[in-house]
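Residues per chain are reported as follows:
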Amino acid sequence: MSAVSDRLPTFPWDKLAPYKETAAAHPDGIVDLSVGTPVDPVPELVQRALVAAADSPGYPTVWGTPELRDAITGWLRRRLGAQDVTHHHVLPVVGSKELVAWLPTQLGLGPGDRIAHPRLAYPTYEVGARLARAEHEVYDDPTDLDPQGLKLLWLNSPSNPTGKVLSKQELTRIVAWAREHGVLVFSDECYLELGWEADPVSVLHPDVNGGSYEGIVAVHSLSKRSNLAGYRAAFLAGDPAVLGPLLEIRKHGGMMTSAPTQAAAVAALGDDVHVREQRDRYAARRAALREALLGHGFRIEHSEASLYLWATRDESCWTTVAHLADLGILVAPGDFYGRAGEHFVRVALTASDERVAAAVKRLA
């Protein structure tokens, strides 16, 4: 067991513990803007669907119910503009983090294979490569990479942590390059429905992929857009030649979403009203925090989408973390996401209106 754990970096969030203690000591309590976990209620129609499916004594299937696959393909067509998607183009997963962490292993990658992800990125991309004992590297523009031995290319738009959005033209160019060199593309699009100053586009859009899903898979989650982080509900969509073997592997591993969660996901994917309502909540919190941070001397870069503000005072991120902790505000240090983030902090929009108002008051 130690041989496996020794491959992994120190779990980054453990480093925040002393700053969390400082922030929690504030007389008016902590304002936690670090992890980005939803705090608003699960939509009532989703809760009702979960309860109605509570009497599920049998094993669920890894591929999901036909109703879930219908809900996913319907959402892909309606929201992403995907065309000609069938049940063979989709695969439910148990939350997107487990997929990211175990995908390289499930693809059969290992020593000598290369995996690339953005220079500033969700740390689990690297963890997945380490678990598979594959090589990992970062990029600013993936088309500058040496394609020799590059087996998996992670895209992330909108980005966690920066909120940067890749344009339709950029995605089209990257997908064409990857296909030319036989590189498999997985596009993490979990924040796609949270565009503020940009309209994020999926690799599944025909303008990007030319009407073919060959060599591309998109990753989507219900955690943020529907407040379902506690449900662990996500899915893949794209190339059946990739998803088919993954389905068989995941069957052997018993990696199945619970039956009540599948029913809840059907309800969530079929309703757009709750998504608009949640967007409005985040938009108001974003506007308030953005103005407060700018007034406090921060500069904000990118952040045109997602649930975060990528902010800097042009100092060590840990100096900024300490400063804000003294105000009772906890944020994530930018170096959690790569060395290029060492002068930034990630400020999440996932706090209640009351806690956001408290943060704004303290920053003023």
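Residues numbered from 1 in each chain as written. Predicted model: local features only at pLDDT ≥ 70, side-chain atom pairs only at ≥ 80, totals over all residues. Heavy atoms only, no water.

Caption draft 1: Layout of the overall build of the chain. Counting its regular elements, the chain contains 13 helices and 13 strands. For the chain, the C-alpha atoms occupy an extent of roughly 55 × 50 × 45 Å along the three principal directions. Residue burial in the chain is summarised as follows: out of 364 residues, 55% are buried. A separation of at least 24 residues holds for 75% of the contacts in the chain among residues at least 6 apart in sequence. Accessible area for the chain stands at about 15,300 Å²; split by element, carbon and sulfur atoms hold 53% of it. Computed over 36 positive and 45 negative side-chain charges, the inter-centroid distance for the chain is 2 Å. (Helix = DSSP H or I, 4+ residues; strand = E, 2+ residues; numbered from the N terminus. Buried < 20%, exposed > 50% of the residue type's maximum accessible area, 1.4 Å probe, protein only. Contact = heavy atoms within 4.5 Å. Areas by Shrake-Rupley, 256 points an atom, 1.4 Å probe, with all protein chains shown as cover. Lys, Arg positive; Asp, Glu negative; His and termini not counted. Charge placed at Lys NZ, Arg CZ, Asp CG, Glu CD.)

Caption draft 2: Geometry of the sheet that holds strand E4 (residues 135-139). A sheet is described by the order of its strands in space; here 7 strands give the open sequence E2-E8-E7-E6-E5-E3-E4, paired in mixed fashion. What marks the edges here is a single partner per strand, and that holds for strand E2 (90-93) and E4. Each adjacent strand pair in this sheet contributes to an overall mean axis angle of 20°, direction not counted. Two elements, strand E5 (residues 150-156) and strand E6 (residues 184-188), share 5 bridges in a ladder whose sense is parallel. Its bridge partner being in E6, asparagine 156 is matched across the sheet by aspartate 188. Lying over the sheet, helix H5 (residues 96-106) contacts E2, strand E3 (114-118), E5, E6, strand E7 (216-221) and strand E8 (234-238), oriented at roughly 160° with respect to E5. (Pairing = 2+ DSSP bridges. Axes fitted to C-alpha atoms, helices over the stretch in contact; angles between N-to-C directions.)

Caption draft 3: Region of the structure containing the environment of aspartate 271. On the secondary structure map, aspartate 271 appears in the loop between helix H10 (259-269) and helix H11 (273-295). Along the chain, aspartate 271 and serine 226 lie 45 residues apart, while their C-alpha atoms are 9.7 Å from each other. Setting aside chain neighbours within four positions, we find aspartate 271 in contact with Leu45 and Arg225.

Caption draft 4: How the structure looks around unusual backbone geometry. Cis geometry is found at the peptide bond from serine 157 to proline 158, where omega equals -5°. For proline 158, the position within the fold is in the loop between E5 and helix H7 (168-180). Phi angles above zero are rare outside glycine, and aspartate 84 is one such case at about 60°. Structurally, aspartate 84 can be placed in the loop between helix H4 (66-80) and E2. Within the chain, serine 303 stands out as a residue other than glycine whose phi angle is a positive 65°.

Caption draft 5: Local environment of H10. Of all 11 residues in H10, 8 are buried; the element is thus mostly enclosed. Among all positions in H10, only Pro260, Thr261, Gln262, Ala264, Ala265, Ala267, Ala268 and Leu269 are buried. For H10, the elements touching its buried residues are helix H3 (44-52), H4, E8 and H11.

Caption draft 6: Representation of the nonpolar core within the structure. If you look at the biggest cluster of nonpolar residues, it comprises 67 residues, and the most contacted ones within it are Trp154, Phe186 and Leu236. Ranked by residues supplied to this core, first place goes to helix H12 (residues 317-326) with 5 residues. Once you skip the residues sitting within four places of it in the chain, leucine 236 turns out to touch His89, Val90, Leu91, Val93, Leu99, Phe186, Val217, Ala218, Val219, Leu243 and Leu246. Counting residues in hydrophobic clusters, the runner-up holds 43 residues, among them Leu150, Leu171, Val183 and Tyr231. (Core = buried A, V, L, I, M, F, W, Y, C linked by side-chain atoms within 4.5 Å.)

Caption draft 7: Highlighting the packing of aromatic side chains. If you walk through the whole model with that rule in mind, you get 11 aromatic pairs. Seen in terms of ring centroids, tryptophan 310 and tyrosine 337 are 6.5 Å apart; in terms of plane orientation they differ by 80°. Their pairing is edge-to-face. Of this pair, tryptophan 310 sits in strand E10 (residues 308-312) while tyrosine 337 is found in the loop between strand E12 (332-333) and strand E13 (344-348), placing the two residues 27 residues apart along the sequence. Taken individually, tryptophan 310 and tyrosine 337 each receive the classification buried, so the pair is uniform in this respect. A centroid spacing of 5.1 Å and a plane angle of 0° characterise the contact between tryptophan 310 and phenylalanine 344, whose relative ring orientation is stacked. A residue pair is termed long-range when its members are at least 10 positions apart, and tryptophan 310 in strand E10 and phenylalanine 344 in strand E13 qualify at 34 residues. For tryptophan 310, a relative accessible area of 2% gives the class buried. These aromatic residues form a ring-pair network of at least three members: Trp13, Tyr19, Trp310, Trp318, Phe336, Tyr337 and Phe344. (Phe/Tyr/Trp six-rings, centres within 6.5 Å; stacked < 30°, edge-to-face > 60°.)

Everything listed is a geometric property; what it means functionally is a separate question.
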